[in-house]
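Here's the letter readout for the chains.
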Amino acid sequence: MSVNVHPVKPEWKAKGLIDNDTYLAWYKRSVEDPEGFWAEHGKRIDWIKPFSSVKNTNFNTPGVSIKWFEDGTLNVSANCIDRHLATRGDQVAILWEGDDPSEDRKITYRELSEQVNRLSNVMKANGVKKGDRVTIYMPMIPEAAYTMLACTRIGAIHSIVFGGFSPDALAGRIEDCGSDFVVTADEGLRGGKKVPLKANTDKAIEIAEKAGAKVRNVLVVRRTGGAVAMKDGRDIWYHEAMDAASADCPPAEMSAEDPLFILYTSGSTGKPKGVMHTTGGYLVYASMTHQYVFDYQDNEVYWCTADVGWVTGHSYIVYGPLANGATTLMFEGVPNYPSPSRFWDVVDKHDVSIFYTAPTAIRALMGAGDEHVTKTSRKSLRVLGSVGEPINPEAWEWYYKVVGEERCPIVDTWWQTETGGILITPLPGATDLKPGSATRPFFGVQPQLVDNDGNVLVGATEGNLCITDSWPGQMRTVYGDHERFEQTYFSTYHGKYFTGDGCRRDDDGYYWITGRVDDVINVSGHRMGTAEVESALVAHAKVSEAAVVGYPHDLKGQGIYCYVTLMEGEEPSDALRKELVAHVRSEIGPIASPDKIQFAPGLPKTRSGKIMRRILRKIAEDDFGALGDTSTLADPTVVDDLIDNRQNKK
Ligand code: 6R9
């Protein structure tokens, strides 16, 4: 494969915070002397009590333990707000762009301070204490950021559930972390359509309470003004409570290792994991990566198009940018509403310098036609970013040429919910770019490729991506299940953090992520455990068994392909297909909608009863010439039926 290398342009180097020599020198120090390196960079945030211990980490099972800056104390909201007031009180902190292009709001750091202080008092007055779990199920409105920051101000742990998730999914997450306080809105608004957030919350609480959970209060922001039921004694209108609250709430002094947030993410088993991040290391890492990866410089407008329901929204809409005193743009809408020019219209309207989005959006906009881009100016753009899944070189080149007019470096940032911040990425002033490669490790990050037996691979090679030592932003545990944390991440390759991704390293030491090697698929940049979709399918009364795999999809990256075996006496039909799609949507949410459903009388299993997914993947890809060895199957004849009835015939 020929690679179209784009060397760092002289003007990128001149403007950039870090050039290649600096990158190489800092990187060397960061791995040779992590204590010294992070002692220095740990000071980039404000500590109430400075740390003396820097790094105390162990990747060996049992006993995995990760602590950074552990004797230091700080408050995240004070770092994201209070410390900027003297110099940037009147600077816009959050630049909000509504779903409807006529709506926007500019919230200065001073206004942010007032809102967050009031909200902290509202939460306190309603019994929220340090260490309590607060569930946030909200649209992309500034109040979502206020709520996150108010939690950090009083030491409560937030758990954000993406607004596109179903009541069932929300219920499971409320229950798992024992959350008794929920913040939501009457309705969300996306692409002109309303999302019934409060009604979903009511349903979720009903489900969770049947399972033993108890939700004391629901705080409800009025967004659309749509009619919603308010339960006496439990539900509180946000605006009423805010009016009555004082605008002064001193920040709680938190230990560096106190929990900051929980964020549920899919793994290879059916139950989402509560990824837990802590206070000090996370903030140091989020702010440092935000500054250097995006090359953020004072007074620039920075826009990350993610939703706060995903980790990208946590680290790169809220915590990283605000800790750096940036102006962060928060967008309520979608890329193609009211037209496929929306992103670029917003860039022009607000003079956005740095723009960070996902390959799935880039591919969709590329498909809509260049004219939607070229009719806009985009002259304010300086740096472009990509995250969420591998970006194919064609989409990369389009982003570079058509959107950025070859003026803007593209940072293809590889990272995960678990890593808290970006681990492998170019730096705008330092790294020669290769479309499709996330390029080189960030400071302090030591990638390693291993084969399936755990042998370390050197030089240009391909293997399973591990990280051999800790970085400050790393997750600390799975909430309530440390053993699962050790099992999932540190037991496959003993003593190493295993990412679940496959990866190639080229002759220049550049990393090329090839995608998940476990049973996780990546649909439009969203992680989906195939087991989750399978359990949703088998929860349907007519389904006896299901196996789910990913297949290449032009827009989504991967599509969801389901093999379904029906109960005795049930007949396959298109109506049932539709019913199953609707069922999965209601169990998990629209992002889990199956793309293909194939009714299969039998699934290919080994004699020990294991489903051979390798075969199912090949059939879903319409690549059954290369099925490999099927001799270990209990009943090899099922394969012929699967091939005959495949849903992806080319
Ligand atoms: C931040 C985020 C993590 C998984 C990860 C990988 C894929 C993310 C990528 C990428 C190739 C990139 N991924 N960024 N693959 N290149 N630049 O997306 O977190 O939702 O936890 O997903 O996404 O497979 O393991 P999360």
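A quick note: this is a predicted structure, and the numbers were derived from the prediction, not measured.

Cut-off values and rules
Residues numbered from 1 in each chain as written. Predicted model: local features only at pLDDT ≥ 70, side-chain atom pairs only at ≥ 80, totals over all residues. Heavy atoms only, no water. Phe/Tyr/Trp six-rings, centres within 6.5 Å; stacked < 30°, edge-to-face > 60°. Helix = DSSP H or I, 4+ residues; strand = E, 2+ residues; numbered from the N terminus. Buried < 20%, exposed > 50% of the residue type's maximum accessible area, 1.4 Å probe, protein only. Lys NZ or Arg CZ within 6 Å of the ring centre and 35° of its normal. UniProt positions renumbered as here; feature names shortened; annotations may be inferred. Core = buried A, V, L, I, M, F, W, Y, C linked by side-chain atoms within 4.5 Å. Domains from an automatic or database assignment. Disulfide = S-S within 2.5 Å. Buried area = accessible area lost by both parts, 1.4 Å probe. Salt bridge = Lys/Arg side-chain N within 4 Å of Asp/Glu carboxyl O. Polar contact = N/O pair within 3.5 Å; in protein donor to acceptor, adjacent residues only side chain to side chain. Nonpolar A, V, L, I, M, F, W, Y, C, P; charged D, E, K, R; others polar. Near = heavy atom within 4 Å. Areas by Shrake-Rupley, 256 points an atom, 1.4 Å probe, with all protein chains shown as cover. Pairing = 2+ DSSP bridges. Expected span 1.5 Å × (residues − 1). Arc of directions from axis to C-beta.

Colleague: I would appreciate a short explanation of the packing of aromatic side chains in the present structure.
Modeller: The description of an aromatic ring pair uses the distance of the two centres, along with the angle that the planes make with each other. Following the criterion strictly, the structure yields 45 aromatic pairs and no others. Measuring from ring centre to ring centre gives 5.5 Å for Trp26 and Tyr292, while their planes differ by 90 degrees; the resulting arrangement is edge-to-face. Here Trp26 is found in helix H2 (residues 20-32), whereas its partner Tyr292 is found in helix H10 (residues 280-293), with 266 residues between them in sequence. Residue classification places Trp26 among the partly exposed residues on the basis of a relative accessible area of 24%. Residue Tyr292 is classed as buried on the basis of its relative accessible area of 11%. Sitting over the ring of Tyr510, Lys434 keeps its end group 4.5 Å from the ring centre. A cation over an aromatic ring shows up here: Arg504 above the ring of Trp512, its NZ or CZ 4.8 Å from the ring centre.

Colleague: Looking at this structure, I do not really get the UniProt feature "domain: AMP-binding enzyme C-terminal" (unreviewed entry) in the chain. What am I missing?
Modeller: When the UniProt feature table is mapped onto this chain numbering, "domain: AMP-binding enzyme C-terminal" (unreviewed entry) sits at residues 532-610. Strand forms 32% of residues 532-610 and helix 27%; the C-alpha atoms that close the span are 17 Å apart.

Colleague: Explain the nonpolar core to me, please; I cannot follow it from the model alone.
Modeller: The nonpolar side chains of soluble globular proteins are, as a tendency, buried together. Counting 154 residues, the largest nonpolar core has Leu112 and Tyr319 as the members making the most contacts within it. Residue contributions to this core reach at least three from each of two domains, namely domain 1 (336-407) and domain 2 (524-645). Ranked by size, the runner-up nonpolar core spans 31 residues in total, among them Val301, Trp303, Val346 and Val352.

Colleague: What is the right way to read the UniProt feature "domain: Acetyl-coenzyme A synthetase N-terminal" (unreviewed entry) in the chain from this model?
Modeller: Sequence positions flagged by UniProt for "domain: Acetyl-coenzyme A synthetase N-terminal" (unreviewed entry) are, in local numbering, residues 23-80. As a span, residues 23-80 carries 40% helix and 17% strand, and end to end its C-alpha atoms are 27 Å apart.

Colleague: What exactly am I supposed to notice about the state of the cysteines here?
Modeller: In a disulfide, the sulfur atoms of two cysteines are covalently bonded to one another. Per the counting criterion, the structure on display carries zero disulfides. Cys466 forms no disulfide, and the closest cysteine sulfur to it belongs to Cys503, at a distance of 10 Å.

Colleague: Just to check I follow, could you spell out the domain arrangement of the chain for this structure?
Modeller: Where the parts come together, the accessible area they lose is often given as the size of the interface. When the domains of the chain are assigned, the result is domain 1 (336-407) and domain 2 (524-645). For domain 1 versus domain 2, the distance between C-alpha centres works out to 34 Å. Together, the buried faces of domain 1 and domain 2 total about 410 Å²; carbon and sulfur atoms form 49% of this surface. When residues of domain 1 are sorted by the area they lose upon contact with domain 2, Thr360, Arg363 and Glu389 head the list and together hold 75% of the total. The interface formed by domain 1 and domain 2 holds zero salt bridges in total. Linking domain 1 with domain 2 are four residue pairs in polar contact (both at pLDDT 80 or more), by the criterion used here. Its residues assigned to classes, the side of domain 1 that touches domain 2 shows one nonpolar, two polar and two charged.

Colleague: Quick question: what am I supposed to make of the site of the ligand here?
Modeller: Close contacts around the ligand come from 17 residues, with Asp412, Thr413, Thr417, Asp501 and Arg527 the closest. Within the contact set of the ligand, an oxygen atom lies 2.5 Å away from a side-chain nitrogen or oxygen of Thr417. Taking Arg527, its side chain carries an N or O atom lying 2.8 Å from an oxygen atom of the ligand. Taking 530 Å² as the accessible area of the ligand by itself, protein coverage stands at 96%. For the shell around the ligand, the secondary-structure elements that each account for two or more residues are helix H11 (311-323), strand E20 (410-413) and strand E26 (511-516). Split into classes, the residues belonging to the shell around the ligand amount to six nonpolar, six polar and five charged.

Colleague: Explain the sheet that holds strand E25 (residues 497-505) here, please?
Modeller: What links the strands of a sheet is backbone hydrogen bonding, and the strands pair in either a parallel or an antiparallel sense. Pairing in this open sheet of five strands is antiparallel, and the strands run E22-E21-E23-E25-E26 from one edge to the other. Each edge of the open sheet is held by one strand with a lone partner, namely strand E22 (456-457) and E26. The pairing of strand E23 (residues 461-467) with E25 spans six bridges and is antiparallel. Across the sheet, the residue bridging to Asn464 is Gly502, located in E25.

Colleague: Just checking my understanding: could you explain the pattern of salt bridges for this structure?
Modeller: When the charged atoms of two side chains with opposite charge come close together, those side chains can pair. The tally for this structure, following the rule as stated, stands at 44 salt bridges. Among the salt bridges present, the one from Lys198 reaches Asp235, with a minimum N-O distance of 2.7 Å. Remark: Asp235 occurs in strand E12 (residues 235-237) and Lys198 occurs in helix H8 (residues 197-210); sequence separation between them is 37 residues. On the accessibility criterion, Lys198 (1% relative accessible area) is buried.

Colleague: Would you explain H2 in this entry?
Modeller: What sets the pattern is the α-helix's 3.6 residues per turn: residues three or four places apart point alike. Helix length check: H2 (13 residues) gives 18 Å between terminal C-alpha atoms against 18 Å at 1.5 Å per residue, within 8%. If you check which residues of H2 are buried, you get Tyr23, Tyr27 and Ser30. Down the axis of H2, the smallest arc covering the buried residues is 65 degrees, so these residues share one side. Exposed residues on H2 whose side chains face more than 90 degrees from its buried face are Asp21 and Glu32.

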